[in-house]
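Listed here are the chains, written in short residue letters.
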Amino acid sequence: MAKPTISRRTFAATLSAAAAGSAAAQQTAPPTERERTTDSELASALMRLGRRVNTLARFEVPFDTEPAFMFHP
Amino acid sequence: MFESITDLASGLAKKEFSSRELTLAYLDRLRRFGPRYNALAHLFEEPALRQADQADTLFRAGRIESPLQGIPCGVKDLLATKGTPTSWGAEPYRHQQFDYDATLIRKLAAARAVLVGKLAMVELAGAGGYRYATASMHGPGLNPWNTDHWSGGSSSGPGSGVAAGLVPFAIGSETWGSITTPASYCGITGLRPTYGLVSRHGAMPLSWTMDKLGPMCRSAVDCALVLEAIAGNDPQDPSSSGRDFHYRSQTKPALDTLRVGFSDIDFRHWAHAASRPGFQDALDVFREMKLKFKPISLPQLPYGDVAEVIISAEGSSAFEALIRGDRLETLADERQKAGLRAGLAIPASEYLRAMRIRRIIQEKLRRLFTQVDLIVSPTTPETASRLDEPLDVGRPLELPDGERGNIDLSAASNLAGLPALSLPCGFGANRLPLGIQLVGRPHEEHTLLRIGEEFQKRTDWHRRKPPI
């Protein structure tokens with residue numbers, strides 16, 4: 001059984017790192033309007049994906065379930 | 001200019017007009033009206049006339065090699081065509097060229113179809129998700145029925161191009177709704193084939209495990225003729241199923257033996273109020289055809305979450321060089337850029353979890369399709385959105401007891417690689433077209449098309465023309 005709390009934490013850490021690494025955060029000068037928009041959009045996108053990931057983390061997957069790679073339906 | 005492939009092929013065979021004359025007429029129409037709908041990416045004037053002349057030579061010799069011989073067509077601008085731009089609808093790839101033709105382009109040429117142009121699309125087929133219809137280097141796809149509304153995406157040019165009679169048929173692609181949605185919004189017939197039936201070699205990758213290519217046409221029979229030409233094994237596509245498709249020669253199931261799954265939730269609650277009469281009329285036509293209706297609902301599973309995680313992870317991987325380079329900013333849609341960046345942050349464990357849940361979804365759907373032969377549902381619950389409407393804000397739904405019926409059918413069936421056919425079935429809000437979709441078992445396109453063919457014998461929605 002996977003441990004979803006670890007992966008959620010990993011995702012949250014990645015989120016923080018991505019946000020911290022954004023253009024605005026790396027500059028000493030105040031962020032421009034465009035940089036603020038970019039950062040805000042990125043934060044929204046990461047949060048949205050985070051919600052999706054968290055929903056899936058609550059779903060119990062049987063141990064013997066293989067991923068659906070290149071399949072022929 | 002709104003004739004079916006069958007009618008055009010008949011005119012060509014009887015020498016009522018030549019392929020060159022037909023091609024010149026469509027080239028002129030694409031040149032004049034393509035920009036009106038932001039539908040045209042690249043016009044193929046000289047190559048098209050060469051193909052038309054070759055077809056005419058065959059007609060003069062009494063040789064007809066395919067029902068598509070001499071018929072003009074367009075393809076979504078994500079298929080590689082040797083020596084001409086393949087822009088993927090995106091500014092960073094405006095001048096991109098390949099030195100080979102996609103397998104599908106070669107198959108159309110082998111069928112003697114005439115490629116008159118490449119048609120506009122949402123940038124990168126919406127790989128990162130997008131907020132506005134303007135997410136394309138060509139501008140927003142405009143709906144020929146009302147240019148204040150969107151044509152749908154991501155196959156926007158194929159949708160509006162076929163609807164406006166700029167091409168008799170087109171090829172679109174679908175990862176999650178990109179053929180069926182513009183088909184519904186534009187009032188045309190769109191077929192999303194089973195995953196692996198049509199080669200994607202030379203097509204822009206968005207999601208390797210979910211991308212499909214398929215026909216967008218004026219009728220179900222036209223879709224069948226095009227699918228016959230483009231389906232088949234391709235050693236250059238690892239996802240190729242090795243299967244062919246035959247419609248005309250294949251025995252079709254008797255309509256009165258077919259069990260059709262449906263849910264009242266879809267038609268009475270999910271469908272917009274202005275769309276419900278059109279959908280009910282369509283269901284009545286299916287009932288007249290003696291199809292056996294059976295109430296059925298998809299198992300409640302996180303279809304949308306699984307689809308978005310998989311598409312985001314695969315799409316961001318496919319476009320990693322763009323995301324990490326300095327051209328990402330030239331994309332048109334802010335949400336698209338952010339979505340692509342965010343997709344790189346998905347851990348492998350979460351992608352694999354989504355792919356494992358996808359396996360469960362496939363198995364549950366396989367079992368569901370032992371109870372019914374197909375499922376019918378609105379392609380989209382409402383007509384085309386306004387151009388200024390954000391696409392990532394859903395309409396609030398009031399569903400009884402949290403029941404979702406089959407409203408997740410698009411995500412579920414794309415995850416399971418199932419075929420779908422969207423048929424025009426009337427008009428809803430703002431006098432815009434409605435589409436109803438049939439989803440079947442893998443490689444049972446012929447069942448969907450047989451029903452579509454009969455539906456279109458009894459209705460004329462597919463023959464309606466927008467005011468141009």
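Because the structure is predicted, anything quoted here is derived from the model rather than measured.

## Re the overall build of chain B
Thinking step 1. Scanning chain B for helices and strands turns up 15 helices and 13 strands.
Thinking step 2. A compact globule built from 468 residues should have a C-alpha radius of gyration of about 23 Å, and chain B, at 21 Å, falls within 12% of that.
Thinking step 3. Burial status across chain B gives 61% buried among its 468 residues.
Thinking step 4. Of the contacts formed within chain B by residues at least 6 apart in sequence, a portion of 79% connects residues at least 24 apart.

## Side note on the overall build of chain A
Thinking step 1. Tallying secondary structure elements over chain A gives three helices and zero strands in all.
Thinking step 2. Going from the N terminus to the C terminus, chain A shows its helices and strands as α-α-α.
Thinking step 3. The buried share among the 73 residues of chain A stands at 18%.

## Considering the environment of Asp264 of chain B
All names here are of chain B.
Thinking step 1. Topologically, Asp264 is positioned in helix α8 (residues 264–270).
Thinking step 2. Of the residues examined, Asp264 has 13 C-beta atoms within 10 Å and is grouped as partly exposed.
Thinking step 3. Taking C-alpha positions, Asp264 is 9.4 Å from Ser377, a pair spaced 113 residues apart along the chain.

## As for helix α2 (residues 19–33) of chain B
Since one α-helical turn is 3.6 residues long, residues separated by three or four positions face the same way.
Thinking step 1. With 15 residues, α2 of chain B should reach 21 Å at 1.5 Å per residue; the first-to-last C-alpha distance of 21 Å fits that figure.
Thinking step 2. Each element contacted by the buried residues of α2 of chain B is listed here: α1 (5–13), β1 (40–43), α3 (45–60), β2 (72–76) and β3 (114–119) of chain B.

## Some points on the interface of chain A and chain B
Thinking step 1. Each side of the interface is counted separately: chain A has 29 residues, and chain B has 38 residues.
Thinking step 2. Going through the elements one at a time, α1 (4–20) and α3 (33–57) of chain A are the ones with two or more residues in the side of chain A that touches chain B.
Thinking step 3. In terms of residue class, the side of chain A that touches chain B is built from 18 nonpolar, eight polar and three charged.

## Notes on the sheet that holds β3 of chain B
Through backbone hydrogen bonds, the strands of a sheet pair up, either in parallel or in antiparallel fashion.
Residues and elements named next belong to chain B.
Thinking step 1. The strand order across the open sheet built from eleven strands is β1-β3-β2-β6-β8-β7-β12-β13-β11-β9-β10, with neighbouring strands paired in mixed fashion. Each edge of the open sheet carries a strand with a single partner, namely β1 and β10 (292–295). For this sheet, the mean inter-axis angle between neighbouring strands, taken without regard to orientation, is 30°.
Thinking step 2. In this sheet, β3 lies alongside β1 in antiparallel orientation, the contact comprising three bridges.

## Concerning the packing of α3 of chain A against helix α12 (residues 334–343) of chain B
Thinking step 1. With their axes 8 Å apart at the nearest point, α3 of chain A and α12 of chain B run at an angle of 55° to one another. By the criterion of interaxial angle, the relationship of α3 of chain A to α12 of chain B is oblique. The hand of the α3 of chain A/α12 of chain B crossing is right-handed. Residue-level inspection shows Thr37, Glu41, Leu42, Ser44, Ala45, Leu46 and Leu49 of chain A of α3 of chain A in contact with α12 of chain B, the latter providing Glu334, Arg335, Ala338, Gly339, Arg341 and Ala342 of chain B.
Thinking step 2. Broken down by class, the residue content of the contact of α3 of chain A with α12 of chain B amounts to six nonpolar, three polar and four charged.

## A word on the pairing of strand β6 (residues 170–174) of chain B
Residue and element names in this part refer to chain B.
Thinking step 1. With respect to burial, β6 is a largely interior element, five of its five residues being buried.
Thinking step 2. Neither face of β6 is open: one carries Ala170, Gly172 and Glu174, the other Ile171 and Ser173, and all of them are buried.
Thinking step 3. In terms of strand pairing, β2 meets β6 through two bridges, oriented parallel. Its bridge partner lying in β6, Gly74 is registered against Ala170.

## Considering the nonpolar core
Thinking step 1. Counting residues in hydrophobic clusters, the biggest one holds 152 residues, and the most contacted among them are Cys73, Leu115, Val116 and Val306 of chain B.
Thinking step 2. Considering every element that reaches this core, the biggest residue donor is helix α7 (residues 220–230) of chain B, with nine residues.

## Structural notes on the packing of α2 of chain B against α3 of chain B
Residues and elements named next belong to chain B.
Thinking step 1. Packing of α2 against α3 leaves a shortest axis separation of 8 Å and a crossing angle of 155°. Comparing their axes, α3 and α2 come out roughly antiparallel. In this structure, the crossing between α2 and α3 has a hand that is right-handed. Here Ser19, Arg20, Thr23 and Leu27 of α2 come into contact with α3, specifically with Glu45, Ala48, Leu49, Ala52, Asp53, Ala55 and Asp56.
Thinking step 2. Broken down by class, the residue content of the contact of α2 with α3 amounts to five nonpolar, two polar and four charged.

## Focus on the environment of Thr84 of chain B
Residue and element names in this part refer to chain B.
Thinking step 1. By the element assignment, Thr84 lies in the loop between β2 and α4 (103–110).
Thinking step 2. On the basis of neighbour counts, which here come to 16 C-beta atoms within 10 Å, the residue Thr84 falls in the partly exposed class.
Thinking step 3. Separated by 221 residues in sequence, Thr84 and Asp305 have C-alpha atoms that sit 38 Å apart.
Thinking step 4. Discounting chain neighbours no more than four positions away, the residues touching Thr84 are His42, Phe44 and Gln97.

## With respect to the confidence of the model for chain B
Thinking step 1. When the pLDDT values of chain B are averaged, the result is 96; 100% of them are 70 or greater.
Thinking step 2. As scored by the predictor, the complex reaches a pTM of 0.94 and an ipTM of 0.86.

## Observations regarding the environment of Leu43 of chain B
Residue and element names in this part refer to chain B.
Thinking step 1. Positionally, Leu43 belongs in strand β1.
Thinking step 2. A tally of 17 C-beta atoms within 10 Å means that Leu43 is categorised as partly exposed.
Thinking step 3. The contacts of Leu43, once residues within four sequence positions are left out, are Leu27, Leu30, Arg31 and Gly117.

## Considerations on α12 of chain B
Thinking step 1. Burial analysis of α12 of chain B places ten of its ten residues in the buried class, which makes it a mostly covered element.
Thinking step 2. Where α12 of chain B is concerned, the buried positions are Glu334, Arg335, Gln336, Lys337, Ala338, Gly339, Leu340, Arg341, Ala342 and Gly343 of chain B.
Thinking step 3. Considering only its buried residues, α12 of chain B is in contact with α3 of chain A together with α10 (303–318) and α11 (320–324) of chain B.

## Some remarks on the confidence of the model for chain A
Thinking step 1. Mean pLDDT for chain A: 73, with 59% of residues reaching 70 or above.
Thinking step 2. Counting contacts from residues 1–6 of chain A, a segment whose pLDDT is below 50, to residues more than four positions away or on other chains yields five contacts.

## Considerations on unusual backbone geometry
Most peptide bonds adopt trans geometry, and most residues besides glycine take a negative phi value.
Residue and element names in this part refer to chain B.
Thinking step 1. In this structure, Ser154 follows Gly153 across a cis peptide bond, with omega equal to 10°.
Thinking step 2. Mapping Ser154 onto the fold places it in the loop between β5 (146–150) and α5 (156–163).
Thinking step 3. Positive phi is not limited to glycine here, since Trp88 has a value of about 55°.
Thinking step 4. Backbone geometry places Asn430, a non-glycine residue, at a positive phi of 60°.

Rules of the game
- Residues numbered from 1 in each chain as written.
- Chains lettered and ligands numbered in written order.
- Predicted model: local features only at pLDDT ≥ 70, side-chain atom pairs only at ≥ 80, totals over all residues.
- Helix = DSSP H or I, 4+ residues; strand = E, 2+ residues; numbered from the N terminus.
- Rg over C-alpha atoms; globule rule 2.2 N^0.38 Å.
- Buried ≥ 20, exposed ≤ 12 C-beta atoms within 10 Å, placed from the backbone.
- Contact = placed C-beta atoms within 7 Å.
- Expected span 1.5 Å × (residues − 1).
- Nonpolar A, V, L, I, M, F, W, Y, C, P; charged D, E, K, R; others polar.
- Pairing = 2+ DSSP bridges.
- Axes fitted to C-alpha atoms, helices over the stretch in contact; angles between N-to-C directions.
- Parallel < 35°, antiparallel > 145°, perpendicular 65-115°, else oblique.
- Left-handed = near helix turned anticlockwise from the far one by under 90°.
- Core = buried A, V, L, I, M, F, W, Y, C linked by C-beta atoms within 7 Å.
- pLDDT = per-residue confidence, 0-100.

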